[in-house]
Amino acid sequence: MSMALHEKSEIVDADGLRRIITRIAHEIVERNKGVEDLVLVGIRRRGVPLAERIAAKIAEFEGRTPVLGSLDITLYRDDLSTVSHQPVVGPTDIPVDINGRVVVLVDDVLYTGRTIRAAMDALIDFGRPRSIQLAVVIDRGHRELPIRADFVGKNVPTSRREVIGVKLKDLDGADSVVIKEAP
């Protein structure tokens, strides 16, 4: 039985999200000294359009678009048995050999770290990157694994009763970040 969540407040508006994406794009390029050997991999579902936006922003100021990929981690989750009896697996598309490359995983919210652990497991099945970095729009704390993001849009301390929702125009009709709470 799932409880209905009510929206408590908007913590990032469309302009704020645009600024976060722009800043993360600049930080990725600066840290990696350009886009050579760079592969942005969005974690399904919201990480994919976020990775696309970051790549487009990088192309604006670098004149080159980094390689883009997408990763479905469904079968790598450690809570798969509690999530669904028949999980829906989406496509994974990594169009280049990632051996020796810098892979930046992109996701919307970093919470326990378990999604990122699963994403790294999935990624390693494709090769051995030189390094794996992590970019997230929101880091909400409550880590259960020793994982931290390299690029963070906003740190938002939350209670475990709260849920952070990153809304994207492509999927939700609007860009924003909201906090929802169980009544």
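Relevant structure appears above.
Here we summarise the structure given alongside this text.

What counts, and at which threshold
- Residues numbered from 1 in each chain as written.
- Predicted model: local features only at pLDDT ≥ 70, side-chain atom pairs only at ≥ 80, totals over all residues.
- Heavy atoms only, no water.
- Pairing = 2+ DSSP bridges.
- Helix = DSSP H or I, 4+ residues; strand = E, 2+ residues; numbered from the N terminus.
- Axes fitted to C-alpha atoms, helices over the stretch in contact; angles between N-to-C directions.
- Contact = heavy atoms within 4.5 Å.
- Buried < 20%, exposed > 50% of the residue type's maximum accessible area, 1.4 Å probe, protein only.
- Phe/Tyr/Trp six-rings, centres within 6.5 Å; stacked < 30°, edge-to-face > 60°.
- Lys NZ or Arg CZ within 6 Å of the ring centre and 35° of its normal.
- Salt bridge = Lys/Arg side-chain N within 4 Å of Asp/Glu carboxyl O.
- Core = buried A, V, L, I, M, F, W, Y, C linked by side-chain atoms within 4.5 Å.

### Looking at the sheet that holds strand β4 (residues 102-110)
Phase 1 of the analysis: Spatially, five strands are ordered β3-β2-β4-β5-β6 in an open sheet, and the strand pairing comes out parallel. Edge positions in the sheet fall to β3 (67-71) and β6 (151-155), since each has one partner strand and no second. Sheet twist, expressed as the mean angle between neighbouring strand axes with direction ignored, is 25 degrees.
Phase 2 of the analysis: Here eight bridges tie β4 to strand β5 (residues 131-139), and the two strands are oriented parallel to one another. Opposite Leu110, over in β5, you have Asp139 as the bridge partner.
Phase 3 of the analysis: Across the sheet, helix α2 (residues 47-62) is in contact with β2 (38-43), β3, β4 and β5; its angle to β2 comes to roughly 150 degrees.
Phase 4 of the analysis: Contacts from helix α4 (residues 114-124) reach β2, β3, β4 and β5, with the element oriented near 155 degrees to β4.

### Some details on the pairing of β4
Phase 1 of the analysis: Counting buried residues along β4, nine of its nine residues qualify, which places the element largely inside the surrounding structure.
Phase 2 of the analysis: Looking at chain direction, β2 and β4 are connected through five bridges and run parallel. Each residue of the ladder has a partner; that of Leu38, found in β4, is Val102.

### A few points about the packing of aromatic side chains
Phase 1 of the analysis: For the coordinates displayed, the defined rule picks out zero aromatic pairs.
Phase 2 of the analysis: Across the ring face of Tyr111, the terminal group of Arg140 is positioned such that the distance to the ring centre comes to 3.9 Å.

### Side note on the pattern of salt bridges
Phase 1 of the analysis: For the structure shown, the criterion picks out 15 salt bridges.
Phase 2 of the analysis: Across the pair Arg46 and Asp172 runs a salt bridge, and its minimum N-O distance is 2.6 Å. Of this pair, Arg46 sits in the loop between β2 and α2 while Asp172 sits in helix α5 (residues 169-172), placing them 126 residues apart in sequence.
Phase 3 of the analysis: Taking the relative accessible area as the measure of exposure, Asp172 reaches 34% and is therefore partly exposed.
Phase 4 of the analysis: The salt bridge involving Asp175 is made with Arg53; its shortest N-O contact spans 2.9 Å.

### Topic: the nonpolar core
Phase 1 of the analysis: Core analysis: the largest hydrophobic core is formed by 30 residues, its most contacted members being Ile28, Ile54, Ile58, Val104 and Ile138.
Phase 2 of the analysis: Elements represented by at least two residues in this core include exactly α1 (14-31), β2, α2, β4, β5, β7 (162-167) and β8 (176-181).
Phase 3 of the analysis: Residues Ile94, Leu110, Ala119 and Ile147 belong to the second largest nonpolar core, which totals 19 residues.

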